[in-house]
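# Breakdown of the fold
So the chains spell out like this:
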Amino acid sequence: SAGVMAAITHLYERVDGKGFPNGLSGNSVPLLSRLLAVCDSFVDLILNSNNPFGRTLSDQDALLALKEKSGTLFDSTLLAQLAAVIVDAGVDLRLRQRQVTI
């Protein structure tokens, strides 16, 4: 669908306008793009040791790392909602990890 294509196209936009391909900022970045950016970065930090820290992080450390980029790279509201799901609801994405083939 057009919404999914827009989300993928604008996945690397930043809420501060310094992303690409179009330098969109704030709510001009599609909501799904902003949500995917937060989720993708969180999962990368907790499951992929080839992230910028060179090791997998705990959920709490990953959330703290993302929080440092809140309002610049990431939508602060969506980041807070992710934290609420992970911390308050006790969701553990590591338990849900499985190989996906396309």
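The following refers to the structure shown. (Residues numbered from 1 in each chain as written. Predicted model: local features only at pLDDT ≥ 70, side-chain atom pairs only at ≥ 80, totals over all residues. Heavy atoms only, no water.)

## Section: the overall build of the chain
When helices and strands are tallied, the chain shows four helices and zero strands. Scanning the chain from its N terminus toward the C terminus, one meets helices and strands in the order α-α-α-α. Relative to a compact globule of 102 residues, whose C-alpha radius of gyration would be 13 Å, the chain shows 14 Å and is just as compact. Projected onto its principal axes, the C-alpha positions of the chain cover 35 × 35 × 30 Å. When the 102 residues of the chain are sorted by exposure, 26% land in the buried category. Taking contacts inside the chain between residues at least 6 apart in sequence as the whole, the part at least 24 apart equals 41%. (Helix = DSSP H or I, 4+ residues; strand = E, 2+ residues; numbered from the N terminus. Rg over C-alpha atoms; globule rule 2.2 N^0.38 Å. Buried < 20%, exposed > 50% of the residue type's maximum accessible area, 1.4 Å probe, protein only. Contact = heavy atoms within 4.5 Å.)

## Brief notes about the pattern of salt bridges
Overall, the coordinates contain two salt bridges when judged by the stated rule. With a shortest N-O distance of 2.6 Å, Asp 16 and Arg 14 are connected by a salt bridge. Judged by its relative accessible area of 26%, Asp 16 is partly exposed. Residue Arg 14 is classed as partly exposed on the basis of its relative accessible area of 23%. The salt bridge involving Arg 34 is made with Asp 75; its shortest N-O contact spans 2.5 Å. With a gap of 41 residues between them, Arg 34 in helix 2 (residues 31-47) and Asp 75 in the loop between helix 3 (59-67) and helix 4 (76-88) connect regions that are remote in the sequence. A relative accessible area of 10% means that Arg 34 is categorised as buried. (Salt bridge = Lys/Arg side-chain N within 4 Å of Asp/Glu carboxyl O.)

## Focus: the environment of Val 43
With respect to the element layout, Val 43 can be found in helix 2. Given the relative accessible area of 32%, Val 43 is considered partly exposed. Sequence spacing of Val 43 and Arg 14 is 29 residues, and the spatial spacing of their C-alpha atoms is 18 Å.

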